Amino acid sequence: MVQTLATTPRADGFRMPAEFEPHAGTWMLWPERPDNWRLGAKPAQQAFAAVAAAIATGEPVTIGASPRQFSNARAMLAPEIRVVEISNDDSWMRDCGPTFVVDGKGGVRAIDWIFNAWGGLDGGLYFPWDQDDLVAAKVAEIESVPRYRAPIVLEGGSIHADGQGTLLTTEECLLNPNRNPGMTREEIEHVLADYLGLKKFIWLGRGVHEDETSGHIDNLVCFVRPGVVALTWTDDRSDPQYEISQDAFERLSAATDAKGRKLEIHRIHQPDPVHITAEESSGIDIVEGTQPRTEGMRLAASYINFYIANGTIVMPAFGDAHDEPARKQIAALFPDRKVIAVPAREILLGGGNIHCITQQQPLPRAGV
């Protein structure tokens with residue numbers, strides 16, 4: 001049985017490493033629920049398989065599948081991708097899976113945040129979510145790593161760390177009363193400092209327009225390396241995203257990180273607005289208590305929702321004129337990694353993108 005620890009990661013000398021630090025592997029979950037994924041999730045499963053294959057060019061990939069879908073997932077995925085049985089409510093490993101921390105002595109542990117489906121009964125996206133809330137503990141059990149059960153509701157997509165004590169997040173998400181009502185900004189910072197080994201918080205305002213996660217940071221801005229960030233952008237002043245990105249740019253420009261550095265900011269233009277088509281909407285089952293997917297809904301499309309793997313960047317593509325310029329920008333930001341663009345509209349239709357369906361497990365290293 002994996003040990004559940006009563007201490008905190010910071011007290012034990014652990015910190016959250018940056019995504020661009022070396023990985024032992026990547027975790028994902030297999031999509032299936034027909035009230036979120038159209039046509040019984042078959043198109044989404046093909047997209048997930050393509051993402052897994054791209055990541056697997058640089059590091060091991062493990063996919064958790066429900067008992068109902070284990071055989072199907074195994075058949076659709078390449079032999080080198082590990083498939084394990086993990087019951088779940090939906091396939092957003094970034095948000096319901098563990099956040100791993102390291103101690104620089106070869107130790108790795110898992111943080112198990114409380115998960116409430118992005119808002120619980122006050123704006124959450126589905127009910128129940130009890131199986132999702134068990135995913136992090138199951139991953140820790142499979143990997144035989146000690147686990148901390150954190151005292152707050154938090155999703156992995158709402159935080160982005162530079163590995164040197166700095167955290168990016170948004171007020172829209174972490175201060176939302178449907179996550180941790182009654183907690184102040186300072187109280188939330190104290191918990192995150194204890195669990196992630198942080199020294200500096202950079203709070204942005206809102207996340208990407210129409211992001212149903214209540215503004216996750218990983219769709220808006222991310223660390224490229226310490227002191228360098230990439231920000232989703234639009235030049236269209238009539239687009240609601242313009243004001244959001246401009247405010248984020250101003251806050252980032254005024255900020256310094258835990259090392260006292262000013263941030264270098266790279267703006268990556270978003271794709272043209274993406275809306276659900278009538279055909280796409282008609283393929284999704286309607287279930288009470290689940291986020292509807294109606295024709296004309298705008299989706300929170302962003303190139304910033306890419307995943308940094310060992311030697312590889314896996315970025316979303318939308319069949320948009322901005323795809324190739326974004327790919328070139330990202331490639332210039334990561335000259336030591338190959339950029340693989342994966343068609344990701346089917347993932348976006350479910351409410352997130354490539355970063356949202358992945359979770360990195362850091363490589364244990366001594367002296368770092």
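You'll find the structure just up there.
A brief report on the enclosed structure follows. These numbers were taken from a predicted model, which means no experiment stands behind them.

When its secondary structure is counted, the protein shows 10 helices and 19 strands. For the protein, whose C-alpha radius of gyration is 19 Å, the value lies close to the compact-globule estimate of 21 Å for 368 residues. Taken along its principal axes, the extent of the C-alpha atoms in the protein is 50 × 50 × 45 Å. Taking all 368 residues of the protein together, the buried fraction comes to 61%. Of all intrachain contacts in the protein linking residues separated by at least 6 positions in sequence, the fraction that spans at least 24 positions is 75%. Split by element, the accessible area of the protein, about 13900 Å² in all, is 52% carbon and sulfur. Placing the 34 positive and 50 negative side-chain charges of the protein at their respective mean positions leaves the two points 7 Å apart.

Time to look at the sheet that holds strand β8 (residues 160-161). Strands sit in the order β8-β9-β10 across an open sheet of 3 strands; the sheet is mixed. With partners counted over all chains shown, the strands left at the sheet margins are β8 and β10 (200-204), one partner each. Here strand β9 (residues 166-170) runs beside β10; their pairing, made up of 5 bridges, is parallel. Note that in β10 the partner of threonine 166 across the bridge is lysine 200. In the packing of helix α6 (residues 185-196) onto the sheet, the strands contacted are β9 and β10, and the crossing angle to β10 comes to about 130°. Along the sheet face, helix α7 (residues 240-254) touches β9 and β10 and points at about 155° away from the line of β10.

Here the focus is the pairing of strand β7 (residues 147-153). With 5 of 7 residues buried, β7 lies mostly within the body of the structure. Of the strand pairs in this sheet, strand β1 (residues 4-5) and β7 are connected by 2 bridges, and their pairing is parallel. Bridge pairing in β7 links leucine 5 to tyrosine 148. With 4 bridges connecting them, strand β6 (residues 108-114) and β7 associate as parallel partners. When the sheet's bridge partners are listed, aspartate 112 is paired in β7 with arginine 149. Taking the sense of rotation as the criterion, the β-α-β connection linking β6, helix α4 (residues 135-143) and β7 turns out right-handed.

By size, the foremost hydrophobic cluster in this structure holds 50 residues, and its most contacted members are Met28, Val51, Leu77 and Ile347. With 8 residues, the single largest contributor to this core is helix α1 (residues 42-55). Ignoring anything within four residues of it in the chain, the contact list for methionine 28 reads Phe48, Val51, Ala52, Ile55, Val61, Thr62, Ile63, Gly64, Met93, Ile357 and Thr358.

In total, this model carries 23 salt bridges according to the counting rule given. Across the pair arginine 38 and glutamate 346 runs a salt bridge whose closest N-O atoms are separated by 2.7 Å. Of this pair, arginine 38 sits in the loop between β2 (23-29) and α1 while glutamate 346 sits in helix α10 (residues 345-349), and the two are 308 residues apart along the sequence. The exposure class of glutamate 346 is buried, given its relative accessible area of 17%. What you see here is one network of salt bridges that share partners, running through Asp112, Asp133, Arg147 and Arg149.

What counts as what
- Residues numbered from 1 in each chain as written.
- Predicted model: local features only at pLDDT ≥ 70, side-chain atom pairs only at ≥ 80, totals over all residues.
- Heavy atoms only, no water.
- Helix = DSSP H or I, 4+ residues; strand = E, 2+ residues; numbered from the N terminus.
- Rg over C-alpha atoms; globule rule 2.2 N^0.38 Å.
- Buried < 20%, exposed > 50% of the residue type's maximum accessible area, 1.4 Å probe, protein only.
- Contact = heavy atoms within 4.5 Å.
- Areas by Shrake-Rupley, 256 points an atom, 1.4 Å probe, with all protein chains shown as cover.
- Lys, Arg positive; Asp, Glu negative; His and termini not counted.
- Charge placed at Lys NZ, Arg CZ, Asp CG, Glu CD.
- Pairing = 2+ DSSP bridges.
- Axes fitted to C-alpha atoms, helices over the stretch in contact; angles between N-to-C directions.
- Right-handed = clockwise from strand over helix to strand, strands pointing away.
- Core = buried A, V, L, I, M, F, W, Y, C linked by side-chain atoms within 4.5 Å.
- Salt bridge = Lys/Arg side-chain N within 4 Å of Asp/Glu carboxyl O.

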